[in-house]
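# Structural features, examined
Residue strings, one per chain:
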Amino acid sequence: MSRMNLNYKEAHAFVREQRKMGSDLRWDGWDMVFWEPTQYGFEDSKGAFRKGRWGVETRISVSNDGTWSFPNRKVRRPKAAKSVRKSS
């Protein structure tokens, strides 16, 4: 599984960009916290009630070397721009 490793500056830029793309990602102290809505969040040990909905949180703690490491599946990618045909 491929992973993303970010230093302090990269992590803050990453959080800003992911939030612009609609991810529910926030800082809790030094932890980066991803939240995804799910109907089973209330039963999950990582479940959290946020914004009026149940979901699951994934908490990424900073490592001893000062980086945050997490799987690429947590990364939201920009959508490809649709080509627009002009009518004549």
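Residues numbered from 1 in each chain as written. Predicted model: local features only at pLDDT ≥ 70, side-chain atom pairs only at ≥ 80, totals over all residues. Heavy atoms only, no water.

Each helix and strand counted, the protein chain has one helix and six strands in total. For the protein chain, the residues scored as buried account for 28% of the 88 residues in total. Partitioning the intrachain contacts of the protein chain with sequence separation of at least 6 by distance along the chain shows that 49% fall at a separation of at least 24. Within the structure as shown, the protein chain displays about 6,900 Å² of accessible surface, and the carbon and sulfur contribution to it stands at 49%. (Helix = DSSP H or I, 4+ residues; strand = E, 2+ residues; numbered from the N terminus. Buried < 20%, exposed > 50% of the residue type's maximum accessible area, 1.4 Å probe, protein only. Contact = heavy atoms within 4.5 Å. Areas by Shrake-Rupley, 256 points an atom, 1.4 Å probe, with all protein chains shown as cover.)

The next thing to look at is the confidence of the model for the protein chain. Chain-level pLDDT for the protein chain is 86 on average; 84% of the residues reach the 70-or-more range. No element of the protein chain has a lower mean pLDDT than strand 6 (residues 68-71), which averages 88, and none a higher one than strand 2 (residues 24-28), which averages 95. (pLDDT = per-residue confidence, 0-100.)

Our next topic: helix 1 (residues 8-20). Across its 13 residues, helix 1 extends 19 Å between first and last C-alpha, which sits within 8% of the 18 Å expected from 1.5 Å per residue. The inward-facing, buried residues of helix 1 abut strand 1 (3-6), strand 2, strand 3 (31-37) and strand 6. The N-cap residue of helix 1 is Asn 7: its side-chain oxygen and the backbone nitrogen of Lys 9 are 3.1 Å apart. (Expected span 1.5 Å × (residues − 1). Polar contact = N/O pair within 3.5 Å; in protein donor to acceptor, adjacent residues only side chain to side chain.)

This brings us to the sheet that holds strand 2. In space, the four strands of this open sheet follow the order 2-3-5-4, with antiparallel pairing throughout. The open sheet terminates on both sides in strands that have one partner only, identified here as strand 2 and strand 4 (47-50). Taken over all neighbouring pairs, the strand axes of this sheet differ in orientation by 40° on average, direction set aside. Relative to strand 5 (residues 53-60), strand 3 runs antiparallel, the two sharing six bridges. Note that in strand 5 the partner of Met 32 across the bridge is Ile 60. (Pairing = 2+ DSSP bridges. Axes fitted to C-alpha atoms, helices over the stretch in contact; angles between N-to-C directions.)

This paragraph deals with the pairing of strand 2. Here strand 2 pairs with strand 3 via five bridges, running antiparallel. The residue of strand 3 that forms the bridge with Arg 26 is Val 33. Count of turn residues in the strand 2/strand 3 antiparallel hairpin: two residues, of which Gly 29 carries a positive phi of about 65°.

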